[in-house]
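Descriptive structure summary
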Amino acid sequence: MNDRLLSRTPENETHILKSWRWLLVFGLLACVGAALVIPFPLEGRLWGELFDLAHAPVFFLGLLACVGFLDPSAIGLPDRFAALVRMTGDRILLMSFVLAAVGGLGEYLQRFVGRSSSWSDVAANTIGLTAAVCWIAARSVRGVWGSMLKLAAVVLLIAVSIRPMLEAWDCVQQRNSFPLLASFERTREPHSWIQRSATMERSQEWSSAGQWSARIQLPPSKWPGVAMAWFERDWRGFHELTLDMHNPNDEPLDVVVKIFDRQHAETGFETQDRFHHIVTLAPGLTQHVRIDLAEVENAPVGRRMNMEEIWLLEFFCAKTPARERVLFLDNIRLASNGNQQNATDHSR
């Protein structure tokens, strides 16, 4: 083989390294875009909050990396690494706009791959990029202003991370309190619920355990109610679901308790493929509801409900209310040592 092909001059080495650095820039942009679009097998409120928490730091580090690959000295790396492109202020801003566009496009495409896009994610991306611009700019500003720019970058990253960190911590507390599903003693508990033509808030007007309960306003619309969508889904080994309801209205209130598993969606949400029970609440009274989980398991016609993957617990009005009603919920928990026979308040 020709020895000339085996030899590498310093010029060749520099050219090879520069090529690799360009590839790293485009590869990083592709990875960021792919991470926003590729469906992840992980789901649930906790994972959603951890993904939200990652947005700002990822875009912060992404801009630093792209700028560093092109012009290492711009982020404080030694001058012996040659600049592919001298990253001036305008070029740094241009690179941040490119990353912002990648993030925005990724959020838009999420709706086509089964992921949920949100403007809050776009805002977190932008804040991360803004923090990176401040951090890079601090290198060219001496004295107090340079320190202020670095401080601004840190404050931006901390500020955008507070909400998802608190939400993630609430998820951990919720998991640790299992088999208690909901007590509403924690400030962020309602975030585990979906509101369907209704509004839910924590209230101290009434409670059956602790100081707080959920106050649900049910307007005169079709089937107003709330659904608990994020909770521990494995109900195997438990015999009962128990909860307390309070009807502060001057008329009876019929509330549907609906439970279904993950497989329910495959049947097109057929009524006969889920647990469906009506609780009649007398006006002004509190009722302790006990639901035999054996009935829940046997509720679907032609199959057994998968008690390892309970997917939704929902409460809604059986009839469209003529005027706005209020419902209180509290102390929703699973019990493993309760009576497996139906309680008197669970008659069909």
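Here goes a summary of the coordinates provided. Since the model is a prediction, treat every value here as computed from it, not as a measurement.

Bringing the sheet that holds strand S8 (residues 275–281) into the picture now. One key point about sheets: their strands pair by backbone hydrogen bonds, in either a parallel or an antiparallel sense. Spatially, five strands are ordered S2-S5-S10-S7-S8 in an open sheet, and the strand pairing comes out antiparallel. In this open sheet, the two edge strands, each paired with only one partner strand, are strand S2 (193–196) and S8. The mean inter-strand angle of the sheet, taken between neighbouring strand axes irrespective of direction, is 20 degrees. Pairing between strand S7 (residues 253–261) and S8: seven bridges, direction antiparallel. Bridging from a neighbouring strand, aspartate 254 pairs with threonine 280 of S8.

For the rest of this paragraph, the subject is the pattern of salt bridges. Within this structure, the stated rule accounts for 19 salt bridges. Among the ionic pairs, arginine 290 bridges to glutamate 240, the shortest N-O distance being 2.8 Å. With a gap of 50 residues between them, arginine 290 in strand S9 (residues 286–292) and glutamate 240 in strand S6 (residues 240–246) connect regions that are remote in the sequence. In this structure, arginine 303 engages aspartate 261 in a salt bridge whose closest nitrogen and oxygen atoms are separated by 2.9 Å. Placement of arginine 303 in the loop between helix H7 (293–298) and strand S10 (310–317) and of aspartate 261 in strand S7 is noted, with a sequence separation of 42 residues between them.

What follows deals with the packing of helix H3 (residues 45–70) against helix H4 (residues 89–109). The interhelical angle for the contact between H3 and H4, taken along N-to-C directions, is 140 degrees, at an axis separation of 10 Å. When the interaxial angle is binned, H3 and H4 end up oblique. H4 is crossed by H3, and the crossing has right-handed handedness. Contacts from His55, Phe59, Gly62, Leu63, Cys66, Val67 and Leu70 in H3 reach Ile92, Met95, Ser96, Leu99, Gly103 and Glu107 in H4. For the contact of H3 with H4, a count of residues per class yields eight nonpolar, four polar and one charged.

Now for empty space enclosed by the protein. All chains considered together, the criterion is met by one cavity of 30 Å³ or more. Its volume calculated, the largest cavity comes out at about 30 Å³. Taken together, Ile216, Leu218, Gly225, Val226, Val255, Phe315, Phe316, Cys317 and Leu327 make up the lining of the largest cavity. Every element with two or more residues in the lining of the largest cavity is listed here: strand S4 (213–218), strand S5 (225–228) and S10. In terms of residues, the lining of the largest cavity owes the most to one element, S10, which gives three residues. Per-class residue counts for the lining of the largest cavity are eight nonpolar, one polar and no charged.

So, on to the packing of aromatic side chains. Going through the model one piece at a time under the given rule, you end up with eight aromatic pairs. Relative to phenylalanine 26, the ring of tryptophan 22 has its centre 6.1 Å away and its plane inclined at 25 degrees; by these criteria the two rings are stacked. Of the two residues, tryptophan 22 and phenylalanine 26 both sit in helix H2 (residues 10–37), four residues apart, roughly one turn of that helix. We classify tryptophan 22 as partly exposed; its relative accessible area is 35%. When the ring centre of tryptophan 135 is taken as origin, the NZ or CZ atom of lysine 150, which lies over that ring, is 5.4 Å away. In this arrangement the basic side chain of arginine 233 is found over the ring face of phenylalanine 231, its NZ or CZ atom lying 5.1 Å from the centre.

The next thing to look at is helix H6 (residues 144–176). The end-to-end C-alpha distance of H6 is 46 Å, a good match for the 48 Å that 33 residues give at a rise of 1.5 Å each. Within H6, the axis deviates most sharply at isoleucine 162, by approximately 40 degrees, and proline proline 164 lies no more than four positions further along. Restricting attention to buried positions, one finds in H6 the residues Gly146, Ala153, Leu157, Val160, Ser161, Pro164, Glu167, Ala168, Asp170, Cys171 and Gln174. Buried residues along H6 sit in contact with H3, helix H5 (119–137), strand S1 (180–182) and S5.

Each value, and the rule that gives it
- Residues numbered from 1 in each chain as written.
- Predicted model: local features only at pLDDT ≥ 70, side-chain atom pairs only at ≥ 80, totals over all residues.
- Heavy atoms only, no water.
- Pairing = 2+ DSSP bridges.
- Helix = DSSP H or I, 4+ residues; strand = E, 2+ residues; numbered from the N terminus.
- Axes fitted to C-alpha atoms, helices over the stretch in contact; angles between N-to-C directions.
- Salt bridge = Lys/Arg side-chain N within 4 Å of Asp/Glu carboxyl O.
- Parallel < 35°, antiparallel > 145°, perpendicular 65-115°, else oblique.
- Left-handed = near helix turned anticlockwise from the far one by under 90°.
- Contact = heavy atoms within 4.5 Å.
- Nonpolar A, V, L, I, M, F, W, Y, C, P; charged D, E, K, R; others polar.
- 1 Å grid on protein atoms, 1.4 Å probe; cavity = no way out; pocket = protein on both sides within 12 Å on 5 of 7 lines; lining within 4 Å.
- Points joined across faces, edges and corners; volume = space filled by probe spheres on them.
- Phe/Tyr/Trp six-rings, centres within 6.5 Å; stacked < 30°, edge-to-face > 60°.
- Buried < 20%, exposed > 50% of the residue type's maximum accessible area, 1.4 Å probe, protein only.
- Lys NZ or Arg CZ within 6 Å of the ring centre and 35° of its normal.
- Expected span 1.5 Å × (residues − 1).
- Bend = angle between axes of the 7 residues up to and from the residue.

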